[in-house]
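Read off the chains here:
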Amino acid sequence: MAGVIIPPASLLKLIAEIAEIPLNAGVFKKDCTDLTRRVSLLTHLIEEIKDSNQIASSSSENDWWSDLVVALQASKRLLSSARDSSDVAAKRISFQFQCVTWKLEKALSNLPYDLYDISDEVKEQVELARTQLRRATQRYGSLNSNKFSSALSELMERDVKIKAEEEKDESVAETIHLAEEKKQLTKSPSISLAFYLSKDADSERLDKMVTKNTDESSKLTVPVDFLCPVSLELMKDPVIVSTGQTYERAYIQRWIDCGNLTCPKTQQKLQNFTLTPNYVLRSLISRWCTEHNIKQPGNGRCGDMSMIRSLVRSLSNRSLEERRNAVSEIRSLSKRSTDNRIMIAEAGAIPVLVNLLTSEDVATQENAITCLLNLSIYDNNKELIMFAGAVTSIVQVLRAGTMEARENAAATLFSLSLADENKIIIGGSGAIPALVDLLENGTPRGKKDAATALFNLCIYQGNKGRAVRAGIVPALVKMLSETSSQRMMVDEALTILSVLASNLDAKSAMVKANTLPALIGILQTGQGRNRENAAAILLSLCKRDNERLVLIGRLGAVVPLMELSKNGTERGQRKAVSLLELLRKACQ
């Protein structure tokens, strides 16, 4: 059922209403101010669209406008409600700011400039707003490659699993969400309308209504229980989490994938990560949409699923061109959303994509491995990829594919290895020597992809010996000793060495590779986390070895260790104090 297209005049009124919302004086004052300013930048764009009198002629041209409308409405609701600065609400509100800014940036990225007569000045304003929104989205939630090493080091020291997200290059535009691995429980909570109302609402929430603009002259009230508490948008695929709260599937999955272990609304710890469809609420939303002549949000999934099934069938077409086009389109779909990743897997694409990894056509192979990388972002798909026997073919791509394919193969192995049981399988597949080769000979991006995979695999004790035998230690030590202009991998090298330092073979290899002078140099001139890791590795190498202790004393370790013992973090101070005590005893 077609929905109402909101005219530009109504959108201008909505922007004006957003600008008039009183600023938050609490902890989210800057967030509210920034969002209001960015929304206001769009005023001239909407005015020029209004003056152009152009109407979108296709659904794809219409989509960006619909996305913009939804994002602006959500912005208004968020700015009106972001006043609770309690510890319980702060995390949820921060995530809502992330979702709103991401939605605004997504809408503007699809703006069809050719359809409207937009001036160069306004285009510059739009691009400025997009840049600010993109940066804000990253600031709210994602861990980019620059933050990778410090995050890994801290989590490794605490002996917990990795929870990170590394954004890939825009030329590929793939994203790996590195979330803590979850065990899915088979038992699902029972669902009934009484359960939904009692668990997910109270009298105040049931009475509260949110106003949604549909045109200049009328208002349509949307029941607040139909809106996702995270995205503040009308839900299309509502699901129930273990606390009994209901959320839009894509947004709660994104919340979990970012490493959050609590319910956004109640802040209770999630006992499991099962997302159970709330069919009762979905039916109520569908009925409400029909009664109010609103486009039903759930309708798109059926059409999308039909299209995806058709593409999956084309993956087995005899025509190389048909297969190439289909896998390219699936790659594009798989990078866009969690919903797409779920539907692509449900359509049976994973086994077919695994078969395409052995394709002699370079483009097909590159797209197939990248599809699997994107699909592995969704946790349930990891098991399906492993069950399809993908590891052997992924390792073959890692060894002999194009550089882009090798890089994405390494990233895929990293994503799959987040499950502890997969670390064992991947480690025994021959992947580690191929990853070490990429670490030594790859592009800067390839080296980082190899480093992330090797780090995660080496958390499993049985893989440390494999890595040492593959020659990882000399490769890492070389990275520590490179000239300053080439020292792009010092953070990663130190992080991996600190994990390996508990292995006897690795210790012997480090001593043989003359690691001590390089570590002392980093202790003297390095920064923050690198100095801590250097101290940790030195402590592991020199404990119970007076000869090495005397050697590092002569190399100048004492002064930087004393400084670290006073000014370092708790971890750095602990390592430095232990080393200084060992040095004192060795001298005596």
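Given the structure is predicted, the values throughout are model-derived calculations rather than measurements.

So, the overall build of the chain
Counting secondary structure elements, the chain contains 31 helices and 7 strands. Counting over 588 residues, the chain shows a buried share of 53%. Look at the contacts in the chain between residues 6 or more apart in sequence, and 70% of them connect residues 24 or more apart. Accessible area of the chain: about 26,200 Å², with a carbon and sulfur share of 50%.

Comments concerning the packing of aromatic side chains
A complete count under the given rule lists 3 aromatic pairs for this structure. Aromatic pair Trp102 and Tyr251: ring centres 6.4 Å apart, planes at 80°, arrangement edge-to-face. Residue Trp102 is located in helix α5 (residues 87–109), and its partner Tyr251 is located in helix α10 (residues 249–257); the two are separated by 149 residues in the primary sequence. Taking relative accessible area as the criterion, Tyr251 reaches 7% and is therefore assigned buried. Taking the centre distance of 6.0 Å and the plane angle of 75° together, the rings of Phe226 and Trp288 count as edge-to-face.

Notes on unusual backbone geometry
In the Ramachandran plot, Gln267 falls in the positive-phi region, its phi being about 65° despite a non-glycine side chain. Along the chain, the position of Gln267 falls in the loop between α10 and β7 (276–277). Given the relative accessible area of 22%, Gln267 is considered partly exposed.

Things to note about the confidence of the model for the chain
The pLDDT averaged across the chain works out to 77; a share of 79% of its residues lies at or above 70. Mean pLDDT per element in the chain: helix α8 (residues 193–200) is the minimum at 26, and helix α16 (residues 362–375) is the maximum at 96. Overall, residues 142–218 carries pLDDT values under 50, and its contacts beyond four positions in sequence, including any with other chains, amount to 188 contacts.

Considering the environment of Leu232
Relative to the elements of secondary structure, Leu232 occurs in the loop between β4 (219–223) and β5 (238–240). Distance from Leu232 to Lys76, taken between C-alpha atoms, is 9.9 Å for residues 156 residues apart in sequence. When near neighbours in sequence (up to four residues on either side) are disregarded, Leu232 contacts Ala74, Arg77, Leu78, Gln96 and Leu227.

Things to note about the side chain of Asn408
Its location among the elements puts Asn408 in helix α19 (residues 403–416). A polar contact of 2.8 Å, which involves the side chain of Asn408, links it to the side chain of Arg445.

A closer look at helix α3 (residues 43–52)
Looking only at α3, the buried set comprises Leu45, Ile46, Glu48, Ile49 and Ser52. Projected down its long axis, α3 carries its buried residues within an arc of 160°, all on one side. Directly beyond the C-terminal end of α3, a positive phi value near 55° is found at Asn53.

Description of the pattern of salt bridges
If charged atoms from side chains of opposite charge come close, those side chains can pair. Under the defined criterion, the tally for this structure stands at 23 salt bridges. Glu404 serves as the salt-bridge partner of Arg331, at 3.4 Å between the closest nitrogen and oxygen. Of the two residues, Arg331 is situated in helix α13 (residues 320–334) and Glu404 in helix α19; the sequence distance between them amounts to 73 residues. The exposure class assigned to Arg331 is buried, which follows from its relative accessible area of 13%. Of the charged contacts, one joins Glu492 and Lys448 as a salt bridge, the two residues approaching to 2.7 Å between their closest N and O atoms. Taken together, the positions of Glu492 in helix α25 (residues 490–500) and Lys448 in helix α22 (residues 444–458) put the pair 44 residues apart, joining distant regions of the chain. Classification of Glu492 as buried rests on a relative accessible area of 4%. Its relative accessible area of 24% is what places Lys448 among the partly exposed residues. Ionic contacts of the salt-bridge type, sharing partners, join the residues Lys30, Asp34 and Arg37 into one network.

Focus on the nonpolar core
Membership of the largest hydrophobic core comes to 97 residues, with the highest contact counts inside it found for Leu439, Ile472, Leu476, Leu480, Leu500, Met510 and Ile552. Excluding residues within four positions of it along the chain, Ile472 makes contact with Val436, Leu439, Leu454, Ala467, Ile496 and Leu500. Residues Phe28, Leu35, Leu68 and Tyr116 belong to the second largest nonpolar core, which totals 41 residues.

Details of the sheet that holds β7
As summarised here, the arrangement of the 3 strands in space is β6-β5-β7, forming an open sheet in which the pairing is antiparallel. The two strands at the open ends of the sheet, each matched to only one other strand, are β6 (246–248) and β7. Across 2 bridges, the pairing between β5 and β7 is antiparallel. Following the sheet pairing, Val239 is matched in β7 by Pro277.

What about helix α14 (residues 338–346)?
At 3.6 residues per turn, the α-helix brings residues three or four places apart onto the same side. Most of α14 sits inside the fold, with 8 of its 9 residues counted as buried. If you check which residues of α14 are buried, you get Thr338, Asp339, Asn340, Arg341, Ile342, Met343, Ile344 and Ala345. Of the residues one or two after α14, Gly348 is the one with positive phi, at around 85°.

Examining a nonpolar patch on the surface
Taken together, the side chains of Ile424, Ile425 and Tyr460 define a hydrophobic patch exposed on the protein surface, amounting to about 260 Å² of accessible area. With respect to the secondary-structure elements, Ile425 resides in helix α20 (residues 420–427).

What counts and what doesn't
- Residues numbered from 1 in each chain as written.
- Predicted model: local features only at pLDDT ≥ 70, side-chain atom pairs only at ≥ 80, totals over all residues.
- Heavy atoms only, no water.
- Helix = DSSP H or I, 4+ residues; strand = E, 2+ residues; numbered from the N terminus.
- Buried < 20%, exposed > 50% of the residue type's maximum accessible area, 1.4 Å probe, protein only.
- Contact = heavy atoms within 4.5 Å.
- Areas by Shrake-Rupley, 256 points an atom, 1.4 Å probe, with all protein chains shown as cover.
- Phe/Tyr/Trp six-rings, centres within 6.5 Å; stacked < 30°, edge-to-face > 60°.
- pLDDT = per-residue confidence, 0-100.
- Polar contact = N/O pair within 3.5 Å; in protein donor to acceptor, adjacent residues only side chain to side chain.
- Arc of directions from axis to C-beta.
- Salt bridge = Lys/Arg side-chain N within 4 Å of Asp/Glu carboxyl O.
- Core = buried A, V, L, I, M, F, W, Y, C linked by side-chain atoms within 4.5 Å.
- Pairing = 2+ DSSP bridges.
- Patch = residues over 30% accessible without salt bridge, like charges linked within 9 Å, V, L, I, M, F, W, Y side chains within 5 Å.

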